[in-house]
Amino acid sequence: NPPINYISEVAHFDGTDYLLLGGPDSSGQPIIKEGQAHSIAVTGSPLIKTRVKKFGRSSLRLDGSSYLTASSNEDWDLGVDDFTIELYARFDSISGTKSLIRSGDIASYWDFGVDFAVNGLYYKVVSNGVEICNVRQGSNTGYSPNQFYHLAVTRDDTSFYLAREGVILANSSNSVNIPNYGTGVDIGKNLVGYVDNVRITHDAKYTTAYSTYQYPPAADSNTKLLMRFDGSNNTTSFTDLSRTVNQ
């Protein structure tokens, strides 16, 4: 038999999902190259739209009552680890509070969104109705309708950073342990507008001023969710590409 290093790819199928493995990497571990990481559930009528997009062929259109949910998974056990949650969002109007990406139920959850009335961009964690972490921009300035914004929250150890279009808007310190609520991750639950290039990674990406990317980001070994929303107009097929490394 040839040595394992001579094998370039191995496909694995468990009856539901598949993985395409390559490698090994420098540590001898297989590299996940392709495969559906999380199933995506649809609520309401979210649509792929080709007329408006930040990258690629299209983006996700949401009407305020439609949203997507990435299936419950241990990937959402953020704990005290580093992470970054990011997306491009375009709002039809600058009013109210819009949840961008969220996990949990009514009483216990984390929520990354924009409060257009007062505080601007925010990330908060609530446990049994009690707010235990709240990072906020502290101002509702700098937003206009019908314009895409790169928005991100990053955790680096006990430091949290909020970022918009390459600028750090706020940071604060909190040692909160963020659990897995077992509910999956909701995308755009009450947003009216467009979303493109949603990514959740288990590393700290934006802690200082940065240049927004010129091309859609690729998945790497730390990527837990990656959605580009490329497709034909008015279709409703949504895929998590987080297992498609370097694509």
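Residues numbered from 1 in each chain as written. Predicted model: local features only at pLDDT ≥ 70, side-chain atom pairs only at ≥ 80, totals over all residues. Heavy atoms only, no water.

Chemist: Explain the pairing of strand β8 (residues 83–91) here, please?
Modeler: In the case of a regular strand, side chains alternate between the two sheet surfaces. Counting buried positions over the 9 residues of β8 gives 9, a clear majority of the element. A two-sided burial pattern is seen for β8, the buried positions comprising F83, I85, L87, A89 and F91 on one face and T84, E86, Y88 and R90 on the other. Two elements, β8 and strand β13 (residues 148–156), share 8 bridges in a ladder whose sense is antiparallel. Across the sheet, residue I85 finds its bridge partner in β13, namely V153. Note that β8 and strand β17 (residues 192–201) share 7 bridges and pair antiparallel. Residue pairing across strands places F91 opposite G193, the latter belonging to β17. (Buried < 20%, exposed > 50% of the residue type's maximum accessible area, 1.4 Å probe, protein only. Helix = DSSP H or I, 4+ residues; strand = E, 2+ residues; numbered from the N terminus. Pairing = 2+ DSSP bridges.)

Chemist: I tried to follow the nonpolar core on my own but got confused; where do I start?
Modeler: Generally speaking, soluble globular proteins have nonpolar side chains that are buried together. If you look at the biggest cluster of nonpolar residues, it comprises 44 residues, and the most contacted ones within it are L100, W110, F112, Y123 and L151. Counting 10 residues, the second-largest nonpolar core is a separate cluster that includes V52, F55, Y210 and Y213. (Core = buried A, V, L, I, M, F, W, Y, C linked by side-chain atoms within 4.5 Å.)

Chemist: Whenever I open this one, the sheet that holds strand β12 (residues 130–136) confuses me. Can you help?
Modeler: Strand pairing in a sheet relies on backbone hydrogen bonds. The paired strands run either parallel or antiparallel. Strand order in the open sheet made by the 7 strands is β4-β7-β16-β9-β10-β11-β12, with antiparallel pairing throughout. A single partner strand is all that each edge strand has here, and the edge strands are β4 (40–43) and β12. Between one strand and the next, the sheet's axes are offset by a mean angle of 20 degrees, whatever the strand orientation. Two strands pair when backbone bridges link them, and β4 and strand β7 (residues 67–70) are joined in this way by 4 bridges, in the antiparallel orientation. (Axes fitted to C-alpha atoms, helices over the stretch in contact; angles between N-to-C directions.)

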